[in-house]
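Below, each chain spelled out in residue letters.
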Amino acid sequence: MIICKTKSEIRALMTQWRQEGQTIGAVPTMGALHEGHLSLIDVAARECDRVVASVFVNPLQFAPHEDFDAYPRDLESDGAMLSGRGCQALFAPERVSLFPADFSTNISVAGVGENHCAIARPHFFDGVATIVAKLLLILRPDVAVFGEKDFQQLAVIRRMVRDLDVDVRILGGPTVREADGLAMSSRNQYLSADERAIAPALFRTIRQAGERVSAPGAKWSEIGAWATGEILAAGFTSVDYVDFVDAATLEMIDQAGPEGRILTAARLGETRLIDNIAVAPSQVD
Ligand code: AMP
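Residues numbered from 1 in each chain as written. Predicted model: local features only at pLDDT ≥ 70, side-chain atom pairs only at ≥ 80, totals over all residues. Heavy atoms only, no water.

Topic: the nonpolar core
One recurring pattern in soluble globular proteins: nonpolar side chains tend to sit buried together. Among the nonpolar cores identified, the biggest contains 47 residues, and Ile10, Met14, Val52, Val132, Met160 and Ile170 are the most heavily contacted of them. Considering every element that reaches this core, the biggest residue donor is helix H6 (residues 124-139), with 11 residues. Mapping this core onto the domain boundaries places at least three of its residues in each of domain 1 (2-173) and domain 2 (186-278). Not counting residues within four places of it along the chain, the set of residues in contact with Met14 comprises Ile24, Val52, Ala89 and Leu139. (Core = buried A, V, L, I, M, F, W, Y, C linked by side-chain atoms within 4.5 Å. Buried < 20%, exposed > 50% of the residue type's maximum accessible area, 1.4 Å probe, protein only. Helix = DSSP H or I, 4+ residues; strand = E, 2+ residues; numbered from the N terminus. Domains from an automatic or database assignment. Contact = heavy atoms within 4.5 Å.)

This is the structure in structure tokens:
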């Protein structure tokens, strides 16, 4: 695997691949890689001749009180995992090369970038849209793969790419979970043993909520309140939201339609966990 730490190196490599007629799949990450990230490498490898991953802890998507400094970083282990999975290139730039001190541009996606996670993290999706736009312009991949684990993020990226006519196909990869259902996340490392035992309640609850909302005549206003109570009763510290949305628009809905999705974020001690599930059309009355 070729590791490029500068924009000029990675651009030269991508140009070479394109000139050789190879299609390119990109997988942007913030590192601290796990099986969830690696599953996206597999998706990219199925779709394209060459796969490039990026590892960059994006300062724009952290608020001053959030965990930018504490975010786990281990480029050596990330590199070994990527190369073991057949990824052919890793772009791992320095902060200053992407964000010089006088960096002034912000990409903000209205609509799908509002509500849900944007309420507790108002600058988060601007930070995501801006870094992803930059990475897509640097790498110019044919395909870029993102996890459904971050469902609102995926919707923001799809909308940004459509609105700005970026010539790339965005693919979503399904959420990879631990055996007990907890969605894999780099932030799971923050959990104490006690918190780790509580954490699967988030997925368990939204799955049950999905079954309840699929019943004829069910109303989300009641089920959402029930789900919040369940998550707190399991031992979570607080619930940011449990929302039932139309999967395409992320607008709140009260009754199951053909494309429902339950999105949630909750705090366990200092750690904020997110998850989401599809409410399958077959469950809909
Ligand atoms: P991150 O490093 O957390 O910014 O995530 C990088 C990419 O991996 C994003 O597209 C995430 O949605 C995706 N991802 C993170 N966790 C998972 C998971 N458990 N399953 C699938 N994709 C994931």
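Right, picking up where we left off after that structure.
Considering the layout of surface pockets
There is about 270 Å³ of room inside the second largest pocket. Every residue lining the second largest pocket is counted, 16 residues in all, and those nearest its centre are Val55, Phe56, Val57, Arg73 and Pro93. Split into classes, the residues belonging to the lining of the second largest pocket amount to nine nonpolar, one polar and six charged. (1 Å grid on protein atoms, 1.4 Å probe; cavity = no way out; pocket = protein on both sides within 12 Å on 5 of 7 lines; lining within 4 Å. Points joined across faces, edges and corners; volume = space filled by probe spheres on them. Nonpolar A, V, L, I, M, F, W, Y, C, P; charged D, E, K, R; others polar.)

Regarding the pattern of salt bridges
Side chains that carry opposite charge are capable of pairing whenever their charged atoms lie near each other. Considering all chains together, one arrives at 12 salt bridges under this definition. Measuring nitrogen to oxygen at the nearest pair gives 2.9 Å for the salt bridge that ties Arg121 to Glu66. Of this pair, Arg121 sits in the loop between helix H5 (117-120) and H6 while Glu66 sits in the loop between strand E3 (50-55) and helix H3 (75-84), and the two are 55 residues apart along the sequence. Among the residues examined, Glu66 registers a relative accessible area of 21% and is labelled partly exposed. Note that Arg187 and Asp67 form a salt bridge whose closest N and O atoms lie 2.9 Å from each other. Placement of the pair is Arg187 in the loop between strand E6 (169-173) and helix H8 (193-198) and Asp67 in the loop between E3 and H3, with a sequence separation of 120 residues. (Salt bridge = Lys/Arg side-chain N within 4 Å of Asp/Glu carboxyl O.)

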